[in-house]
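Architecture and fold: a report
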Amino acid sequence: MLIQASIQDSATSDEVDFVHDAVLLPETVAAVLGVKSLPTQAEGNDQNCLNMSGIYVDATFGRGGHSRLLLSQLADDAKLIVFDKDPTAISVAQELASKDSRVHVVHDSFATLTTSLAALGITQVDGLMADLGISSPQIDDGSRGFSFMRDGAVDMRMDTSRGQSVAEWLEYVDEETLANVLYEFGEERHSRRIARAIKQMESYDSTLALAEVIKVAHPNWQRGKHPATQSFQAMRIFINNELGDVDDFLAQSIPLLKVGGQLAVISFHSLEDRRIKQFLQRHSKGQYPEDENLPMPPKRPRYFSKPKRVGPSKTETSRNPRARSAWLRMATRTDSDYVIDDAP
């Protein structure tokens, strides 16, 4: 995710303050508004804004970096609906909403877009943006369990108010299933060896202890990369159903976006980026893999314009190394009527 602006938040009194850099911040906001670039903001001058009306969604609020910049470009009658699983992120969002009546907060996964928006009386929106993955505060706060560099409970839940932690899952999962998760969601080639070592641990109370076991079990370290990186990624993605939520989010974007509406999604690893790329290709070309061998492929609608991809600049990656793997993919909703196509 790593979506936040370079500000210090004051969400709650007991929260550690983190400084975060927004990845592809102006590019993403420009994309969701359907413009090539945002107007230059002179210091102390708020007149150079787009003043756009409409309904927009930030599907991954985080600490609100993208939302705040988007709000600076919206008219007074616009609406911004923000989603997040993380209770701390929701606290920050609610604080923002208390100061800006255009903001409406939903504490849930973006996989619930359609039903959550319908509860607010919204059936279509002008723009959807999402920044996938994990945010800087979640990584840097060892107590959340995402980091293999800082000690904490082996939790890894995006939403700590519901569901089971990774530690609870590791207590009962069998070795073969664990190995399959490490391979499928972390693309870890040595998944079986690592899974065997993890299941031999007496307890799962410490992220550093877990990382050390993986490190010892891993036979081939990649230079400049901690050997626990892919295994931690796999367990986090699995326990939060991240890829399933992404698939649900993308599917709902078609009927939710108005004609001419914009979709902008940032991803940080190949599993997510591949899904976004293939989704936009299918629905912009009207070409589906299952049709390739049919003698007369059905005519599929083209729901999106030709998608575009943008990466971070050298300046951004030098300032924020965590942006190096980020890709922003964007497309415009076309005027094709949305239909549920059951053709094989």
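Analysis parameters
- Residues numbered from 1 in each chain as written.
- Predicted model: local features only at pLDDT ≥ 70, side-chain atom pairs only at ≥ 80, totals over all residues.
- Heavy atoms only, no water.
- Helix = DSSP H or I, 4+ residues; strand = E, 2+ residues; numbered from the N terminus.
- Expected span 1.5 Å × (residues − 1).
- Buried < 20%, exposed > 50% of the residue type's maximum accessible area, 1.4 Å probe, protein only.
- Arc of directions from axis to C-beta.
- Polar contact = N/O pair within 3.5 Å; in protein donor to acceptor, adjacent residues only side chain to side chain.
- Salt bridge = Lys/Arg side-chain N within 4 Å of Asp/Glu carboxyl O.
- Patch = residues over 30% accessible without salt bridge, like charges linked within 9 Å, V, L, I, M, F, W, Y side chains within 5 Å.
- Areas by Shrake-Rupley, 256 points an atom, 1.4 Å probe, with all protein chains shown as cover.
- Lys, Arg positive; Asp, Glu negative; His and termini not counted.
- Charge placed at Lys NZ, Arg CZ, Asp CG, Glu CD.
- Phe/Tyr/Trp six-rings, centres within 6.5 Å; stacked < 30°, edge-to-face > 60°.
- Lys NZ or Arg CZ within 6 Å of the ring centre and 35° of its normal.
- Pairing = 2+ DSSP bridges.
- Axes fitted to C-alpha atoms, helices over the stretch in contact; angles between N-to-C directions.
- Contact = heavy atoms within 4.5 Å.

Describing helix α3 (residues 87-99)
One full turn of an α-helix is made of 3.6 residues, so residues set three or four places apart face in the same direction. For α3, built from 13 residues, the straight-helix expectation of 18 Å at 1.5 Å per residue is met to within 8% by its first-to-last C-alpha distance of 19 Å. All buried positions along α3 are accounted for by A89, I90, V92, A93 and L96. Along the axis of α3, the buried residues cluster in a sector spanning 160°; they form a single face. A distance of 2.8 Å separates the backbone nitrogen of T88 from a side-chain oxygen at the start of α3, and that oxygen is part of D86.

Remarks on the pattern of salt bridges
Scanning all chains against the criterion turns up 15 salt bridges. In this structure, R144 engages D86 in a salt bridge whose closest nitrogen and oxygen atoms are separated by 2.7 Å. Residue R144 is found in the loop between α5 (136-140) and α6 (166-172), and its partner D86 is found in the loop between β2 (79-84) and α3; the two are separated by 58 residues along the sequence. Among the ionic pairs, D159 bridges to R162, the shortest N-O distance being 2.6 Å. Overall, the relative accessible area of 42% leaves R162 in the partly exposed class. Each of D108, D159 and R162 takes part in salt bridges that share partners, so that together they form one network.

A closer look at a positive patch on the surface
There is a patch of like positive charges on the surface, built from K277, K285, K306 and R309. Looking at where K277 falls in the secondary structure, it is placed in helix α12 (residues 270-285). Under the relative-accessibility criterion, K277 is labelled partly exposed at 37%.

Comments concerning the packing of aromatic side chains
Taken as a whole and judged by the stated rule, the model has five aromatic pairs. For the pair F148 and F232, a centre-to-centre distance of 5.5 Å together with 90° between the ring planes defines the contact as edge-to-face. Placement of F148 in the loop between α5 and α6 and of F232 in helix α10 (residues 229-239) is noted, with a sequence separation of 84 residues between them. Here F148 falls in the buried class, since its relative accessible area comes to 18%. Accessibility expressed as a relative area gives 2% for F232, which makes it buried. Clustering of aromatic rings is evident, with ring pairs tying together W169, F185 and F238. One cation-aromatic arrangement involves R309 over W327; the distance from NZ or CZ to the ring centre is 3.5 Å.

Some remarks on unusual backbone geometry
Phi is mostly negative for residues that are not glycine, and the peptide bonds are mostly trans. Positive phi values are uncommon outside glycine, yet N51 reaches one of about 55°. Inspection of the secondary structure puts N51 in the loop between α1 (25-33) and β1 (55-58). Backbone geometry at E187 places phi at a positive 50°, although glycine is not the residue there. Tracing the chain through its elements places E187 in the loop between α7 (175-186) and α8 (191-199).

Quick word on the sheet that holds strand β7 (residues 327-332)
Consider a sheet: its strands pair through backbone hydrogen bonds, and that pairing is either parallel or antiparallel. An order of β3-β2-β1-β4-β5-β7-β6 is seen for the seven strands of this open sheet, with the pairing classed as mixed. Among the strands making up the open sheet, the edge pair consists of β3 (103-107) and β6 (308-310). Between one strand and the next, the sheet's axes are offset by a mean angle of 15°, whatever the strand orientation. In this sheet, β3 lies alongside β2 in parallel orientation, the contact comprising five bridges. Looking across to β3, one finds that D84 is bridged to H107. Across the sheet, α3 lies against β2 and β3, angled at about 160° from β3, the strand it touches most. Sheet strands in contact with helix α11 (residues 242-256) are β4 (125-131) and β5 (257-267), and its direction is about 160° off that of β5.

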